[in-house]
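# Structural description and commentary
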Amino acid sequence: MNATWKTSPEQKRKQRRRRFLLLIIFVVLGLTGSFLFNSSPEAKFVDVHRSPQPEKAANTSITKTSLKNATQKTVSDQIYQRVIRPGDNLSTIFDSVEIGQNVMVQILSADESLLALDILQPGNRLTFTCDEKTHQLLKMELSFHPAHQVVYYRVDENSFDYEENILSGTWASQLIDAEISGSFYGSAMLAGLSEQEVGNISYLFKNKINFSRDMRSGDRFQVVRSLQLVDGKLTGQSQIEGVRIFSRNHSYTAFLFEDGNYYDEHGESLARAFQRYPYKGRFRISSAFNPARRHPVSGRISPHKGVDFVMPIGTPIYATGDGEVVRVKNHPFAGKYLEIKHDGRYVTRYLHLSRITVKRGQKIKRGERIALSGNTGRSTGPHLHYELHIKGRAVNPITAKIPMAKSIPKNSFKTFQQQVAELRSLMDRPDNTFIGA
Ligand SMILES: [Zn+2]
């Protein structure tokens, strides 16, 4: 075995994770459903004012009167919480906490390199902390789920910075084993898989199975997924570890390897190849990927999460991989931009476009034209800002390891086989329980 595998942090993480791996088999369907997908039953606005705390914990004999007096003296922050409901937008939420649109624009400016505020979903939570006397916004926290938060905090009169907190949490494996009755989609959803997971599975087998034509009632599928927990609570984040599909005379497999790609049981890649550049021809890089870039004026860290290519307005832009358009937006600073999700873990973004020629929800092939470059938003000249994200983090698109659609390298094949064997033994458990059949 290649020694570098042993020392790679990715593998160490995997090993650690596997060591703590719990096997949960939810027999009762409803349990899964209510845990995972109704995470926010009280999706409504709540005003929360931080209740005053006595100065010192030792002061146990504090009376109501003295507590009241202490409160009046304490200049405490004012805190408002908003849980996003369907139909909300940032502007109406800022209105509801009586914070001006100019402050919202300052926050959007800080969010330019993250674009987190463009994907607010019902159930996400915003917490505003204001100065009690002036009502000036000091801090705004965005909570997507317990393992992913962004804090925008004031740095001076006119600007904010942000800090992104992504927790790795712990992961537990779950086996879902079900028989198809009707469609694969319906059966998978009934068995407790999320729409996104079903989409990922369909995408994995895209070139092998026509789910509507090839799958019949009585066929069977098994999915091992891992679920993220933070402080013992499910965050709603999951990852497909392995899939087996038994369809009459055929069986199909997909296993996640530690390099982040899926392979069949023979080690043949299921990932579609990426291309390095989203354009044809050659264009100069005016600003490289730099997560620690300092702002030339403020001197603060202002990460550059993509690469800027100088090109004339109207240059055709092509998708770097197969995928689905998940965002088509017009941002005051990022300009017209679009985002493509390529499978469970790859995302690409294309900013400052002049025209977007695809729609949200559209399926895209690698090399398909998706837009024309431009100079929209906060841009100092015509260019394309291109980003590649792997597992939710921006990486350097010029140097990142991207799937090249080949098989597992020989020196890793043994490791791969061991991981497959682990997943198989999980799937082959004699006390396997059918769910949703
Ligand atoms: Zn850029």
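Residues numbered from 1 in each chain as written. Predicted model: local features only at pLDDT ≥ 70, side-chain atom pairs only at ≥ 80, totals over all residues. Heavy atoms only, no water.

## A few points about the overall build of the protein chain
Stated formally: Only DSSP runs of H or I with at least four residues qualify as helices, and only runs of E with at least two residues qualify as strands; both kinds are numbered from the N terminus onward. Each residue gets one of three labels from its accessible area relative to the maximum for its type: buried under 20%, exposed over 50%, partly exposed in between, using a 1.4 Å probe on protein chains only. Residue contacts are counted whenever heavy atoms from the two residues lie within 4.5 Å of one another. Only the protein chains shown count as covering a residue, and every accessible area follows the Shrake-Rupley method with a 1.4 Å probe.
Looking only at helices and strands, one finds 10 helices and 22 strands in the protein chain. Here the protein chain holds 437 residues, and the buried ones make up 44% of them. Pairs at least 24 apart in sequence give 65% of the contacts found in the protein chain among residues at least 6 apart. Summed over all atoms, the accessible surface of the protein chain reaches about 22,600 Å², with 52% contributed by carbon and sulfur.

## Here's the deal with the coordination of the zinc ion
Heads up, the rule is: Only nitrogen, oxygen and sulfur atoms qualify as donors, provided they sit within 2.8 Å of the metal or within 3.2 Å for Na, K and Ca; with water excluded from the atoms, sites may seem incomplete.
Protein coordination at the zinc ion: the donors are His304 (NE2), Asp308 (OD), Asp308 (OD) and His385 (ND1), at 2.0 to 2.7 Å from the metal. Written as a sequence motif, the donor residues of the zinc ion are H-x3-D-x76-H. Remark: His385 occurs in strand E21 (residues 383-390) and Asp308 occurs in strand E13 (residues 307-310); sequence separation between them is 77 residues. Each member of the pair, Asp308 as well as His385, carries the same accessibility label: buried.

## Details of the environment of Asp214
Following the sequence through the fold, Asp214 ends up in helix H9 (residues 211-214). Using a relative accessible area of 18% as the deciding quantity, one classes Asp214 as buried. As a C-alpha pair, Asp214 and Ser247 span 33 residues in sequence and 7.7 Å in three-dimensional space. With sequence-adjacent residues up to four places away left out, Asp214 is seen in contact with Lys208, Ile209, Asp219, Ser247 and Arg248.

## With respect to the sheet that holds strand E20 (residues 369-372)
Spelled out, the test is: A pair of strands is labelled paired if DSSP reports no fewer than 2 bridges between them.
Across the sheet, which stays open at both edges, the three strands sit in the order E14-E20-E18 with antiparallel pairing between neighbours. A single partner strand is all that each edge strand has here, and the edge strands are strand E14 (316-318) and strand E18 (355-356). Sheet topology note: the E18/E20 ladder contains two bridges and is antiparallel. From the neighbouring strand, Arg355 faces E20, where its bridge partner is Leu372.

## Let's talk about the pattern of salt bridges
This is how it is decided: One side-chain nitrogen of Lys or Arg within 4 Å of one carboxyl oxygen of Asp or Glu is enough to make a salt bridge.
Enumeration over the complete set of coordinates arrives at 13 salt bridges. Among the ionic pairs, Asp177 bridges to Arg220, the shortest N-O distance being 2.9 Å. A residue pair is termed long-range when its members are at least 10 positions apart, and Asp177 in strand E7 (residues 170-179) and Arg220 in strand E8 (residues 220-230) qualify at 43 residues. A salt bridge links Glu197 to Arg225, with the shortest nitrogen-to-oxygen separation between them at 2.7 Å.

## Things to note about the nonpolar core
Basically, it comes down to this: Here, the term nonpolar core denotes a set of buried Ala, Val, Leu, Ile, Met, Phe, Trp, Tyr and Cys residues that are joined through side-chain atoms within 4.5 Å.
Of all hydrophobic cores here, the largest spans 27 residues; its most connected members are Phe94, Leu117, Leu126, Phe128, Leu137, Met140 and Tyr152. When contributions to this core are tallied by element, the ones reaching two or more residues are helix H5 (90-96), helix H6 (101-110), strand E3 (125-130), strand E4 (137-145), strand E5 (148-156) and strand E6 (159-166). Looking at this core element by element, the count peaks at five residues for H6. Core analysis: the second largest hydrophobic core is formed by 24 residues, Phe205, Ile209, Phe221 and Leu270 among them.

## Focus: unusual backbone geometry
Trans peptide bonds make up the majority, and among non-glycine residues the majority have a negative phi. The backbone phi angle of Leu115 is positive, close to 55°, even though this residue is not glycine. If you trace the backbone, Leu115 turns up in the loop between H6 and E3. Under the relative-accessibility criterion, Leu115 is labelled buried at 0%. In the Ramachandran plot, His135 falls in the positive-phi region, its phi being about 65° despite a non-glycine side chain. Its location among the elements puts His135 in the loop between E3 and E4.

## Re the sheet that holds strand E2 (residues 78-83)
Selection criterion: Comment: axis = line fitted to C-alpha atoms, over the contacting stretch for helices; angle = value between 0 and 180 degrees taken between N-to-C directions.
Spatially, E2-E3-E4-E5-E6 is the arrangement adopted by the five strands of the open sheet, whose pairing is antiparallel. In the strand order of this sheet, the two ends are held by E2 and E6, each with one partner. If you compare each strand with its neighbour and ignore which way they point, the axes differ by 15° on average. In this sheet, E6 lies alongside E5 in antiparallel orientation, the contact comprising eight bridges. Residue pairing for E6: Asp156 is matched across the bridge by Ser159. Sheet strands touched by H6: E4, E5 and E6. Its angle to E6, the strand with the most contacts, is close to 50°.

## Some words on the pairing of strand E16 (residues 335-341)
Along E16, five of the seven residues are buried, which leaves the element largely enclosed by surrounding structure. As paired strands, strand E15 (residues 323-331) and E16 are joined by seven bridges and run antiparallel to one another. Residue pairing for E16: Asn330 is matched across the bridge by Lys336. The loop that links E15 with its antiparallel partner E16 comprises three residues. Sheet topology places E16 next to strand E17 (residues 346-353); five bridges connect them, and they run antiparallel. Within E17, the position partnered with Leu338 by the bridge is Tyr350.

## Here we look at helix H10 (residues 413-427)
Short version of the rule: The span one expects for a helix is its residue count, reduced by one, times 1.5 Å. Arc definition: it is the arc formed by the directions from the helix axis to the C-beta atoms.
For H10, which comprises 15 residues, the first-to-last C-alpha distance of 21 Å matches the rise-based estimate of 21 Å (1.5 Å per residue) to within 8%. Within the sequence span of H10, burial applies to Thr415, Phe416, Gln419, Val420, Leu423, Leu426 and Met427. The buried side chains of H10 occupy one side of the element, clustering within an arc of 135° when seen end-on.

## Thoughts on the confidence of the model for the protein chain
What counts is decided by this rule: A residue's pLDDT is simply how confident the predictor is in it, with values from 0 to 100.
Taken residue by residue, the protein chain gives an average pLDDT of 81. The fraction at 70 or more is 79%. The low-confidence segment residues 1-9 (pLDDT under 50) makes 12 contacts with residues lying over four places distant or belonging to another chain. Overall, residues 432-437 carries pLDDT values under 50, and its contacts beyond four positions in sequence, including any with other chains, amount to 22 contacts.

## Section: the packing of aromatic side chains
Here is the rule we go by: Aromatic rings from Phe, Tyr and Trp, taking only the six-membered ring of Trp, are treated as a pair when their centres fall within 6.5 Å; an angle between ring planes under 30 degrees marks them as stacked, one over 60 as edge-to-face, and anything in between as tilted.
Under the definition given, this model contains 14 aromatic pairs. A centroid spacing of 5.3 Å and a plane angle of 90° characterise the contact between Phe94 and Phe128, whose relative ring orientation is edge-to-face. Of this pair, Phe94 sits in helix H5 while Phe128 sits in strand E3; the two residues are 34 residues apart in sequence, bridging distant segments of the chain. An identical accessibility class is assigned to Phe94 and Phe128; each is buried.

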